[in-house]
Structures are given as C-alpha cells and as structure tokens.
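# Understanding the architecture of this molecule
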Amino acid sequence: MSAKIIDGKEFALSVRGKVKDHVTRLVNDHGITPGLAVVLVGEDPASEVYVRSKGKATTEAGMKSVEHKLDAATSEADLLALIDDLNNDASIHGILVQLPLPDHLNEDLVINSIDPAKDVDGFHISNVGLLGTGQKSMVPCTPLGCLMMLRDHHGSLSGLDAVVVGRSNIVGKPMAQLLLGDSCTVTIAHSRTKDLPEVVRRADIVVAAVGRPEMVPGDWIKPGATVIDVGINRIDAPEKGEGKTRLVGDVEFATASEVAGAITPVPGGVGPMTIACLLANTVTACSRANGLEEPEGLTA
Ligand code: GUN
C-alpha cells in the first residue's frame, strides 16, 4: 500500500471538538444553546438508526436535540404544519427531515417548506441557488465533509483537476460546486460518460459518489491522486461465513490504495464526517441567526 489513508473518524472527532468549543462559547458568552430538530416519518430501520445517532451526537456537542417521529401515514398538511412550527421556534436553529419520505409525501414540497436559514441539509432550492452562485448558503453535509478533508490534505485546491463521479443532488452536484468554488477544474462524470476510465485518469482529485460497489478500480486512478470514496455499499461476504456481509465503497480499495497518493477508507472515511458536518451546520445556522461570528473552519 502506498497511499496515505485519510482517517475520517479522527477528522470527524476534530470537527466535533471544534463544534463543541463553539457551542460552549455561544452558551457561556451569549446564553444561546443551538437546537437541532430531526423529523422522521415512518419506520424505516436504517433511517431510525441514522436519526438516533444524529440525536446522540447533537447532545454530545452540547446542543439541544429534538426528535419528531411521525406515523408513516402522516398527511402532508400535518407534516407541513410541524415544519411551520419549527420554522417559528426560536430555540430551533436547524431542521432536518430524514429522507426518503413515504411515497404519498412530495419530497420537494416538504424540503422547500423549511426556512432556508434552518435548512442544515442544504437541500432547499434557495440554498442550492446560493451555492451555485457562490453566495453564503447552507451546504449539504456529505460534500462539505469531503471538502474539509481535501482542504486539510492539499492546503489549496486551486488549479487541480477534479472529477466527481455521480450527479446526485445530495452529493455529486453540490460537491462539484464546492470544488469549483475552490478553483478546481471540475468534471462531473456519470453512468453515460464516454470512456469513464480515461476521464477519471485525468483527475488529481476523484470523488466517487455513484452507489455502485467497487466500481472504480485502481487502474483508473492517476498515480498520486487523492481519492474520496463517498459510497457505502453492503455486499455479500461468503469468505466471512454464510450469510455474512461487509461494507465497501464505490472504489476498489485494494487496488486504488496502491496507486493513489491519499484515499479515504470505507468504513471510516467520509461516513463519520457527514454527522460531524450536520453539527457544524447547526452551529453555523445558530451563529448566523443571532448575528454572531461563524465558527472558523466549519463552513465552505
Ligand atoms: N437520508 C440519508 N442521508 C440523508 C441526509 O443526509 N439528509 C437527510 N435529510 N436524509 C438523509
């Protein structure tokens, strides 16, 4: 193995430490406790696990955590009324509606009913537009975490060739905007891209966010490139015993880590950064709402 392993667990701990320090200042100097409300509709087991760990991390950072668990059959009107209450609740600075929502609820309508200033996911159409025009916005947590790790590793990203594989609204598109904002030359590649291996081979920075297990092998990677693997895919692992599974990324770690200069592992890479950045966004939203200085190193 030649690549430096970018340890997302350790990095996330340092981000969470910075969040906690800023929360302490808000509480001690201004009597303000940042509050995050998470709304979960229905009983998707994976979502329940995410929501629980978000709540725990929020409390550990010294912030107020509120969870609203709604029945799967909740009407759109009731969900919108709850969001309206949270928009008007001065003790709540961040609102996250866990996705996916049950089919009868219009996800775009629900997300766009959140006050953009409290939209700690950065999914509201106003925040998407602000990010796209280089203005101050709330930035989606996963790409923000990737950006923090890239800045930490490279210092300046200016002039680097970056390829983002995947064009989702949650990761690929905002990631590309953030890299452009840091003066990278950015390509967004996807399933229809012609000669994808050649495109990826041009990159100094590869961000893989397609959701396909081990799709990017080592021989697509330019020697010395930095590889950020956003994928979290559970695959069968018969070598561990019958019925066993393991987590892999969108990058084939064994081969890519022989070629890359630096790489994030799965698990323990981007994953832990997502919750850390949710906390960072909450403390940022709280600071902005109160006209106070933003936390250093926790924003785009
Ligand atoms: N479901 C899976 N990831 C996310 C996320 O980052 N935000 C929200 N709101 N829902 C999710």
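Before reading on, note that the structure itself is shown above.
Residues numbered from 1 in each chain as written. Predicted model: local features only at pLDDT ≥ 70, side-chain atom pairs only at ≥ 80, totals over all residues. Heavy atoms only, no water.

All right, on to the overall build of the protein chain then. Looking only at helices and strands, the protein chain features 10 helices and 11 strands. In terms of overall dimensions, the protein chain is globule-like: its C-alpha atoms have a radius of gyration of 19 Å, near the 19 Å expected for 300 residues. Taking the principal axes of its C-alpha atoms as reference, the protein chain extends roughly 50 × 45 × 35 Å. The 300 residues of the protein chain split such that 48% are buried. Expressed as a percentage of contacts within the protein chain between residues at least 6 apart in sequence, the contacts between residues at least 24 apart total 67%. Working note: accessible area of the protein chain is about 13700 Å², and carbon and sulfur atoms make up 51% of it. Where the 27 positive side-chain charges of the protein chain centre and where its 39 negative ones centre are 4 Å apart. (Helix = DSSP H or I, 4+ residues; strand = E, 2+ residues; numbered from the N terminus. Rg over C-alpha atoms; globule rule 2.2 N^0.38 Å. Buried < 20%, exposed > 50% of the residue type's maximum accessible area, 1.4 Å probe, protein only. Contact = heavy atoms within 4.5 Å. Areas by Shrake-Rupley, 256 points an atom, 1.4 Å probe, with all protein chains shown as cover. Lys, Arg positive; Asp, Glu negative; His and termini not counted. Charge placed at Lys NZ, Arg CZ, Asp CG, Glu CD.)

Our focus in this paragraph is unusual backbone geometry. Cis geometry is adopted by the peptide bond preceding Pro100, which originates at Leu99 and carries an omega value of 0°. If you trace the backbone, Pro100 turns up in the loop between β4 (94-97) and α4 (107-111). Cis geometry is found at the peptide bond from Val266 to Pro267, where omega equals -5°. Here Pro267 is to be found in the loop between β11 (262-263) and α10 (270-289). Phi at Ser183 takes a positive value of approximately 65°, unusual for a residue other than glycine. In this structure, Ser183 sits in the loop between α7 (172-181) and β6 (185-189).

The subject of this paragraph is the site of the ligand. Around the ligand, a shell composed of Leu96, Val97, Gln98, Leu99, Asp121 and Phe123 is seen. In the model, a nitrogen atom of the ligand is placed 2.8 Å from a nitrogen or oxygen of the Val97 main chain. Gln98 is positioned with one of its side-chain polar atoms (N or O) 3.1 Å from a nitrogen atom of the ligand. Taking 280 Å² as the accessible area of the ligand by itself, protein coverage stands at 77%. The cavity where the ligand resides is the largest pocket. When its residues are assigned to classes, the shell around the ligand shows 4 nonpolar, 1 polar and 1 charged. (Near = heavy atom within 4 Å. Polar contact = N/O pair within 3.5 Å; in protein donor to acceptor, adjacent residues only side chain to side chain. 1 Å grid on protein atoms, 1.4 Å probe; cavity = no way out; pocket = protein on both sides within 12 Å on 5 of 7 lines; lining within 4 Å. Sits in = over half its atoms within 2 Å of the grid points. Nonpolar A, V, L, I, M, F, W, Y, C, P; charged D, E, K, R; others polar.)

With respect to topology, 6 strands assemble into an open sheet ordered β1-β11-β8-β7-β5-β6, the strand pairing being parallel. Here the strands that pair on one side only, and so sit at the sheet edges, are β1 (4-5) and β6. Examined bridge by bridge, strand β5 (residues 161-165) and β6 share 5 bridges and lie parallel to one another. Each bridged residue has a counterpart across the sheet, and for Val165 the counterpart in β6 is Ala189. With respect to the sheet, α7 is in contact with β5, β6 and β7 (205-208), its orientation differing from that of β5 by roughly 170°. (Pairing = 2+ DSSP bridges. Axes fitted to C-alpha atoms, helices over the stretch in contact; angles between N-to-C directions.)

A few words now on helix α6 (residues 141-154). Taking 1.5 Å as the rise per residue, α6 with 14 residues should run 20 Å; its terminal C-alpha atoms sit 20 Å apart, in good agreement. For α6, the buried fraction is high: 10 of the 14 residues fall into the buried class. Taken residue by residue, α6 has Cys141, Thr142, Pro143, Leu144, Gly145, Cys146, Leu147, Met148, Met149 and Leu150 as its buried positions. Each element contacted by the buried residues of α6 is listed here: α1 (8-30), α7, β7, β8 (226-229) and α10. Within two residues after α6, Gly155 carries a phi angle of roughly 75°, on the positive side. (Expected span 1.5 Å × (residues − 1).)

Our next topic: the pattern of salt bridges. The full count for this structure, using the stated rule, is 8 salt bridges. Lys222 is paired through a salt bridge with Asp204; the nearest N and O atoms lie 2.8 Å apart. Of this pair, Lys222 sits in the loop between β7 and β8 while Asp204 sits in the loop between α8 (196-201) and β7, and the two are 18 residues apart along the sequence. Overall, Lys222 belongs to the partly exposed group, its relative accessible area being 27%. One network of salt bridges, with partners in common, ties together Arg16, Lys56 and Glu60. (Salt bridge = Lys/Arg side-chain N within 4 Å of Asp/Glu carboxyl O.)

Another aspect to go through is the pairing of strand β2 (residues 35-41). With respect to burial, β2 is a largely interior element, 7 of its 7 residues being buried. The side-chain alternation of β2 yields two buried faces, one formed by Gly35, Ala37, Val39 and Val41 and the other by Leu36, Val38 and Leu40. Summarising the sheet, β2 and strand β3 (residues 64-70) pair through 7 bridges and their orientation is parallel. Within β3, the position partnered with Leu36 by the bridge is Ser65.

Turning our eyes to something else, we now look at the environment of His93. Following the sequence through the fold, His93 ends up in the loop between α3 (76-87) and β4. Relative accessible area serves as the criterion here: at 7%, His93 is assigned to the buried category. It is 8.1 Å that separates the C-alpha atoms of His93 and Ala37, two residues lying 56 residues apart in sequence. Residues within four places of His93 in sequence aside, it is in contact with Ile32, Thr33, Pro34, Gly35, Ala117, Lys118, Thr282, Ala285, Cys286, Ala289 and Asn290.

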